[in-house]
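Examination of the molecular architecture
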Amino acid sequence: MSRLLEASALALVIGAPALAHADTLGRLALPEEVAAWDIDIRPDGAGLPEGRGDVWTGEELYELQCAHCHGTFGEGIGAWPVVAGGFGTLTHEHPEKTIGSYWPYLSTVFDYVYRAMPYGFAQSLEPDEVYAITAYLLYLNDLVEDDFELSAENFTEIRLPNEDGFYMDDRVETEWPTFTQEPCMTDCGDAVAVSMRAAVLEVTPDDPLTDARHAQYLAMAAASGGDAGDAGPPAAAEEAAAPEEEEEAAAGYTPEQVAGGEAAWRQCRTCHNVGDGARHAVGPHLNGVYGAPVGAQEGFRYSPVLTEAGADGMVWDNATLDAFLENPRAHLPRNRMSFNGVRDADERQGLIAYIASFGE
Amino acid sequence: MTKPGDKAGDGTGGTSRRGFLGGAGLAGAGLIAGMVPARAASPDPMITEVQPWAQFLGPGVDDAPYGKPSPHEAHVIRRNVEWLTADTASSVNFTPIHELDGIITPNGICFERHHAGVADIAPQDYRLMINGLVDREMVFTLQDLLRFPRENRIYFLECAANTGMEWRGAQLNGAQFTHGMIHNCMYTGVPLRTLLEHAGVQPNGTWLLAEGADASAMSRSIPMEKALDDCMVAFRMNGEALRPEQGYPVRLVVPGWEGNMWVKWLRRIEVGDAPWHHREETSKYTDLLADGRARRFTWEMHAKSVITSPSPQAPIYHGRGPTVITGLAWSGVGTIDRVDVSLDGGRNWHHARIDGPSLDKSLHRFYYEFDWDGSPLLIQSRAMDSAGYVQPTKDALREFRGTASIYHMNGIQTWQVHSSGEVENVEVA
């Protein structure tokens, strides 16, 4: 004990730098600043903002903001998270961990939607909207009726079914007695055999660059005096990536406009791809969309309003894109693009130039 | 990716696309038989002919103001697995641990895990707030943080889901994919304790919430005891500024605990009197067990090791004879005391040699050198830490937890080495 004390006393004398005025570092936070960032919610309701929202309002918002990833019924599109259902599956081989089947607290739903959703456009929802979406998620999980309204007042009355399904980490108590035994060194157990191979699944990504590495090592093996077999020419040379071709500014836009649009594109790329190998994601890829009929990118399932507009002869040109991007929902009501729009006209023109630069 | 030639698993090797077996086996044969180095059949043109690099000038000092690895190392890169996630902005990639040595991970290949892509924050725009149950709610700039006394510490960061795909059995052929959600860096920063004391934690402040500035506003509850123990608010990794993908300009360092808690782009520390039970500590990062109940707050990363070479992406090309087995071992509760290596699937074990620094909650590098006779091997490594914990087999873990818990798979990894030198991810029983 004394050595430890001595050591810390020494540290105080020698190690701890003398900072007489360290107390002056930083500044006091203003209440408005704390309020702007401190949006977290706890299971006891601490942090809940004033507000309310019902299932019907929530359904409308969910369809617009959430369904394109989480599915109309919360079933999850592709690899996006499933948020509803899955009851009684926690002991199954492939459990479905949803808000209804797994999450312990409703506050987690509110907190997460409020801080991080919709994906790629975080903190754009008002408290009333988050109450409504949360109410609808309860409805999708059969936990409330369709006339339910969630508010700051009744929030903590709602309990999720799996609240008691969690307990504190007990690995040290339950597992460590087994895992702290002196291990066997020789003739341990019976001889083993291979029981499973990763190769059978063939889920490992292909890896052309590693083939180049293998060629290097085969050549080295040959240079060590042995015969390295038919290693053949290194594959590396062929793999040297050709520099991406410069995209030419199309349709009369200047390279400056295109470059400006590239920055604005960041808000779109969550859902849309452009360029070489672009594929449909949450939204369609936009290669060649400029000058093409609305709702016509092959292989993408558009909302009916877009398909109809295209059938009626609407084409994506500067004027239609500009109007659409300014306020997508007002311009083509009931379309599924959950995006509030770009208010700045120059920014829109840059975006259009950028999109136009990706021809088919 | 090397396609295993030995589909039958009978140890006889097989034909691979590059005639793997024929040459490599012969190369070492002379060495074993005569115990003298082989003689080349003809002079080596790399020696007898003047090579271009020995004759002509190379690039000058203005060629690469920030240097990159040799172009011949173009394969040493982070890789992702496309089918794992819906979108690359909320996804993970993997450190190429099969190509690395020593204990430090170079910054550019430290694995990434984002929940809303990489936030781009200019240092002059950065703010850190401390609020909640403190005497003074504070705001710091990066410059403020740089005026506190600093510390340098080397720690590993392992994702709780590292090796998680192997719970149901051998899945991915490569140490990079099975064990690559880990890196080990020297962090420079201010002890979190210093900042908390500066703000003055109130007596009922028993928990804190760490929150990121990115578009996922990543948030995790951390008990005050840990915060005051060894957490750091870090702004450098391996000497230079944090990389953007690692939280530039400031991240939290939570030594030995799961990587998700090391909040990047750290913008706020709130002190409270209870945990928040946010999404990343309820829906995710909880360990569902076979009985349908789940452990929460499984923060500590327990002792683990893996052989990084040979491994499926780093097979043996040199044939029989002197062979180096190397790998990594680590523990979130202390140092690694010992690593054993088995060549026969865990029946017999040999002490490996740990070389390089042995630091608390840091990667350890181990080696086991032996003469390979060319016969098929089932190679494994087993770590033992300073708390006396012995890395268990995967089956021993499954007995406690089932196969659905995703996180905290620290079981012993088996690689099958074929006679051809090719290596495969397998499970043994």
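Residues numbered from 1 in each chain as written. Chains lettered and ligands numbered in written order. Predicted model: local features only at pLDDT ≥ 70, side-chain atom pairs only at ≥ 80, totals over all residues. Heavy atoms only, no water.

Description of the overall build of chain A
Looking only at helices and strands, chain A has 15 helices and five strands in total. Counting across all 360 residues of chain A, residues that qualify as buried make up 44%. Counting contacts in chain A only where the partners sit at least 6 residues apart, residues at least 24 apart contribute 54% of the total. As displayed, chain A has an accessible area near 19500 Å², and 53% of this comes from carbon and sulfur atoms. (Helix = DSSP H or I, 4+ residues; strand = E, 2+ residues; numbered from the N terminus. Buried < 20%, exposed > 50% of the residue type's maximum accessible area, 1.4 Å probe, protein only. Contact = heavy atoms within 4.5 Å. Areas by Shrake-Rupley, 256 points an atom, 1.4 Å probe, with all protein chains shown as cover.)

A look at the state of the cysteines
All names here are of chain A. All told, the structure shown has one disulfide over all chains when counted by the stated rule. Disulfide pairing is shown between Cys184 and Cys188; the S-S distance is 2.0 Å. Here Cys184 and Cys188 share a disulfide; its torsion about the S-S bond, -95°, makes the bridge left-handed. Its relative accessible area of 14% is what places Cys188 among the buried residues. (Disulfide = S-S within 2.5 Å.)

Some words on the interface of chain B and chain A
Listed per partner, the contact involves 121 residues of chain B and 99 residues of chain A. Summing the contributions of chain B and of chain A, the shared interface buries around 9700 Å²; its carbon and sulfur component is 54%. Put simply, chain B and chain A have 11 salt bridges between them. A salt bridge links B:Arg268 to A:Asp40, with the shortest nitrogen-to-oxygen separation between them at 2.4 Å. One can count 48 residue pairs in polar contact (both at pLDDT 80 or more) joining chain B with chain A. (Buried area = accessible area lost by both parts, 1.4 Å probe. Salt bridge = Lys/Arg side-chain N within 4 Å of Asp/Glu carboxyl O. Polar contact = N/O pair within 3.5 Å; in protein donor to acceptor, adjacent residues only side chain to side chain.)

Quick word on the confidence of the model for chain A
Interpreting fine coordinate detail is not advised for predicted regions of low pLDDT. All names here are of chain A. Of all residues in chain A, 86% attain a pLDDT of 70 or more, and the chain-wide mean is 84. In the model, residues 1-15 has pLDDT below 50 throughout and makes two contacts with residues more than four positions away in sequence or in other chains. Segment residues 226-250: pLDDT under 50, and 27 contacts once partners within four positions in sequence are set aside and those in other chains are kept. (pLDDT = per-residue confidence, 0-100.)

Examining the pairing of strand 22 (residues 414-417) of chain B
Residues and elements named next belong to chain B. What you see with strand 22 is no split at all: Thr414 and Gln416 on one side and Trp415 and Val417 on the other are buried throughout. In terms of strand pairing, strand 21 (residues 377-385) meets strand 22 through four bridges, oriented antiparallel. Bridging across to strand 22, Leu377 finds its partner in Val417. In the sheet, strand 22 pairs with strand 23 (residues 423-428) via four bridges, with the strands oriented antiparallel. Bridging from a neighbouring strand, Val417 pairs with Val423 of strand 23. Hairpin connection of strand 22 to strand 23: five residues between the antiparallel strands, including Gly421 at a positive phi of 95°. (Pairing = 2+ DSSP bridges.)

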